Amino acid sequence: MRSIERRFRRISQKNQYLSSLTCFRKAIEGQKFKKRTLYFWFNKLVDKTDYNHKDKRVIMQGLENLKPP
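Everything numeric here is computed off the predicted structure, so don't read it as measured data. (Residues numbered from 1 in each chain as written. Predicted model: local features only at pLDDT ≥ 70, side-chain atom pairs only at ≥ 80, totals over all residues. Heavy atoms only, no water.)

Q: Can you help me understand the packing of aromatic side chains in this one?
A: All told, the structure shown has three aromatic pairs when counted by the stated rule. Ring plane angle 85° and centroid distance 5.1 Å describe the contact between Phe 40 and Trp 41, whose orientation is recorded as edge-to-face. With relative accessibility at 44%, the residue Phe 40 sits in the partly exposed group. Three or more aromatic residues link up through ring pairs in this structure, and these residues are Phe 24, Phe 42 and Tyr 51. (Phe/Tyr/Trp six-rings, centres within 6.5 Å; stacked < 30°, edge-to-face > 60°. Buried < 20%, exposed > 50% of the residue type's maximum accessible area, 1.4 Å probe, protein only.)

Q: Looking at this model, I keep getting lost on the side chain of Ser 3. Mind explaining?
A: In this fold, Ser 3 is placed in the segment before helix 1 (4-14). A relative accessible area of 17% means that Ser 3 is categorised as buried. (Helix = DSSP H or I, 4+ residues; strand = E, 2+ residues; numbered from the N terminus.)

Q: How should helix 1 be read in this particular structure?
A: Helical periodicity: at 3.6 residues per turn, an α-helix aligns residues three or four positions apart in one direction. Buried within helix 1 we find Ile 4, Phe 8 and Ile 11. Projection of helix 1 onto a plane perpendicular to its axis shows the buried side chains occupying an angular sector of 70°, all on one side. Residues of helix 1 that are exposed and point over 90 degrees away from its buried face: Gln 13 and Lys 14. Where helix 1 is buried, its residues meet helix 2 (20-28) and helix 3 (35-45). (Arc of directions from axis to C-beta. Contact = heavy atoms within 4.5 Å.)

Q: What should I look at first to understand the pattern of salt bridges in this one?
A: A pair can form between side chains of opposite charge whenever their charged atoms are brought close. Inspection of the entire model under this criterion finds two salt bridges. In this structure, Glu 5 engages Arg 9 in a salt bridge whose closest nitrogen and oxygen atoms are separated by 3.4 Å. Of this pair, Glu 5 and Arg 9 both sit in helix 1, four residues apart, which is roughly one turn of the helix. Residue Arg 9 is classed as partly exposed on the basis of its relative accessible area, which comes to 40%. Measuring nitrogen to oxygen at the nearest pair gives 3.1 Å for the salt bridge that ties Glu 29 to Arg 25. (Salt bridge = Lys/Arg side-chain N within 4 Å of Asp/Glu carboxyl O.)

Below is the structure:
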């Protein structure tokens, strides 16, 4: 199981200086998650002070378009 939460927690513990948005991006990078799954975990894990609410749609589009390396 490709757990976004597990990967997110591991990355954020190792890199405490990174924002939660950056940790989330690293956690989903190279994976093929469905749009619904990304939205769900984004809302659960990413701190709302790490991004402007007006920019959320653009941020999510960028995260959806991440391609495996």
